[in-house]
Amino acid sequence: MNNQRWLSFSFLAFFFTWGVFLPYWTGWLTIEKGLSVTAASIVMGAGMIARSFSTFLLFPALTKKLPLNRIMILLAFLSLGLALLYIPSSTFTTLLVITILFSIAYPIIMPAIESSASILMQTEKIHYGKSRSFGSIGYTVALLIVGAITAIWSEQAILYVMVIGLAAICLFTLKSTPAVLQKVPVQGNNKGRGAEFKELFASKPFVTVLLLAVLLQGAHASYYNYGYIFLDDLGVNSFYIGIILNVAVLFEIIFFTQADKLFANMKISTMFQIAAVGSTIRWTLIFLFPSPFVFIITQALHAVSFGIAHFAFIRYISEKLPNHLIPTAQGLYASFAMSLSVAILTFVGGSLYDIAPNLAFLGMLSVTIPAIFIILTTKKRFVY
């Protein structure tokens, strides 16, 4: 298996499970486990906080001791074991504890794969967008499968699909991996982890790019956690919910397959600006017109609000950072942009959802509008 194909299948396998966990887990906790929306928000928010510290501290520490392929093997099997503990659990406390433990282990697989991608971009000149599109395909397949089986059976099937997906990751991680990933990425670099954080945070352009990623990825909190429930409240059948959620991923796939060509020469700041404006429009439309039809239309903007913002950050670190800083930068991105900001805004979105479901989406403008102003005031100074 060549390096491009290995990376493609890595994204495919992980994002299949991500397509189960991210959009359906809150709904599974409320419908199958009987938690209220507020209680489920607490469970998921606590899990995301745990994920943020895990990716911030644990992942960079692991990359100092183990090669990336070993990290993926370890975390895949640990995640599978923790997922199985959900089966007998039914109380708020046990679900909270398991979710925290699961969120410490499982999400680290993502920065491990993304770090592998950045290193392969530098050393093997692989096409990131081409392989990342397979992750979107895996996400799409998961949405379709979960939507179909929950329409036929019950939401309990969500957990079993997740377990099967994690088992598949375990099997795949045991296969051969690219040689560059079978050694510690920072080998030969004697700087400590604190020195790497200091080096990254001393770079104003990096801090700005990271802050923008934090704001724009965090703005998806209500969509990730309440999109399924929102459509369910609008009376959409669970099978069609899976199809509707897939519209976003379809546009994401199209974006990633073309991103390397279309955005190769575009400024990072311009990409973030497009993402920020698109995100603001997306959540405003859902607030103003809370209907399945408008929700479907706004799904096309996922390629803008998520896809362009994500690609901008990946392009920045692969082009501007040395090899030994990439895992730490990915850990910061996964911790703050994909976890902590989403966790905080999940609590905000949950509170707003209890008042009125569409308010949960309007609340995301509290981060997208500041992002627009940050871009306008920094892009000339830092030239990113």
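Residues numbered from 1 in each chain as written. Predicted model: local features only at pLDDT ≥ 70, side-chain atom pairs only at ≥ 80, totals over all residues. Heavy atoms only, no water.

We count it as follows: UniProt positions are given in the numbering used here, feature names are shortened, and annotations may be inferred rather than shown by experiment.
Looking at an unreviewed UniProt entry, one finds the chain named MFS transporter, with Sporosarcina ureilytica as its source organism. UniProt lists a comment for the chain under the heading Subcellular location (unreviewed entry), and it reads "Cell inner membrane".

**With respect to the side chain of Arg 51**
We count it as follows: A helix here means a DSSP run of H or I that spans at least four residues, while a strand means a run of E at least two residues long, and both kinds are numbered starting from the N terminus. Accessible area is worked out with a 1.4 Å probe on protein chains only. A residue is then buried under 20% of its type maximum, exposed over 50%, and partly exposed in between. Neither His nor the chain ends is counted toward charge; the positive residues are Lys and Arg and the negative residues Asp and Glu. When a carboxyl oxygen of Asp or Glu is within 4 Å of a side-chain nitrogen of Lys or Arg, the pair counts as a salt bridge. Between two residues, a contact is recorded if the distance between any of their heavy atoms is within 4.5 Å.
Among the secondary structure elements, Arg 51 is positioned in helix α2 (residues 37–65). Glu 114 provides the closest opposite charge to the buried, unpaired Arg 51, separated from it by 12 Å. Not counting the four nearest positions on each side in its chain, Arg 51 is found in contact with Trp 18, Phe 21, Ser 103, Pro 107, Met 338 and Ser 339.

**Looking at helix α10 (residues 221–233)**
In plain terms, the rule: Between the first and last residue of a helix there are one fewer steps than residues, each counted as 1.5 Å, and that sum is the expected span. What the bend at a residue measures is the angle between two axes, fitted to the seven residues ending there and to the seven starting there.
With 13 residues, α10 should cover 18 Å at 1.5 Å per step; its first-to-last C-alpha distance of 18 Å lies within 8% of that length. When the local axis directions of α10 are compared, the greatest deviation, roughly 55°, occurs at Gly 227. The buried fraction of α10 is high, at 11 of 13 residues. Burial in α10 covers these residues: Ala 221, Ser 222, Tyr 223, Tyr 224, Asn 225, Tyr 226, Gly 227, Tyr 228, Ile 229, Phe 230 and Leu 231. Just downstream of α10, Gly 235 is the residue with a positive phi angle, here 85°.

**Quick word on the domain arrangement of the chain**
In many reports, interface size means the accessible area that the parts give up when they come together. Quick note on the threshold: These domain limits were set by an automatic method or by a database of domain assignments. Buried area: the accessible area, evaluated with a 1.4 Å probe, that two parts lose upon being put together, summed over both parts. N or O atoms within 3.5 Å of each other form a polar contact, as long as, within protein, one can give a hydrogen and the other can take it, and as long as residues adjacent in sequence are counted only when both atoms are side-chain atoms.
When its domains are assigned, the chain resolves into domain 1 (3–181) and domain 2 (195–379). A straight line from the C-alpha centre of domain 1 to that of domain 2 covers 18 Å. Contacts between the two partners involve 51 residues from domain 1, matched on the other side by 48 residues from domain 2. With both sides pooled, the region where domain 1 packs onto domain 2 buries about 4,100 Å², and carbon together with sulfur makes up 66% of that total. Contact with domain 2 buries area across many residues of domain 1, yet Met 48, Phe 56 and Gln 122 alone supply 14% of it, more than any other trio. If you look at where domain 1 meets domain 2, you find two salt bridges. Note that Glu 252 and Arg 132 form a salt bridge whose closest N and O atoms lie 3.4 Å from each other. Inspection of the region where domain 1 meets domain 2 yields 14 residue pairs in polar contact (both at pLDDT 80 or more). When contributions to the side of domain 1 that touches domain 2 are tallied by element, the ones reaching two or more residues are α1 (3–31), α2, α5 (109–123) and α6 (128–152). Element by element, the count of residues in the side of domain 1 that touches domain 2 is highest for α2, at 18 residues.

**Digging into the pattern of salt bridges**
Per the counting criterion, the structure on display carries three salt bridges. The residue Glu 319 makes a salt bridge to Arg 315 at a minimum N-O spacing of 3.0 Å. Here Glu 319 and its partner Arg 315 are both found in helix α14 (residues 302–320), four residues apart, which amounts to about one turn of the helix. On the accessibility criterion, Glu 319 (45% relative accessible area) is partly exposed.

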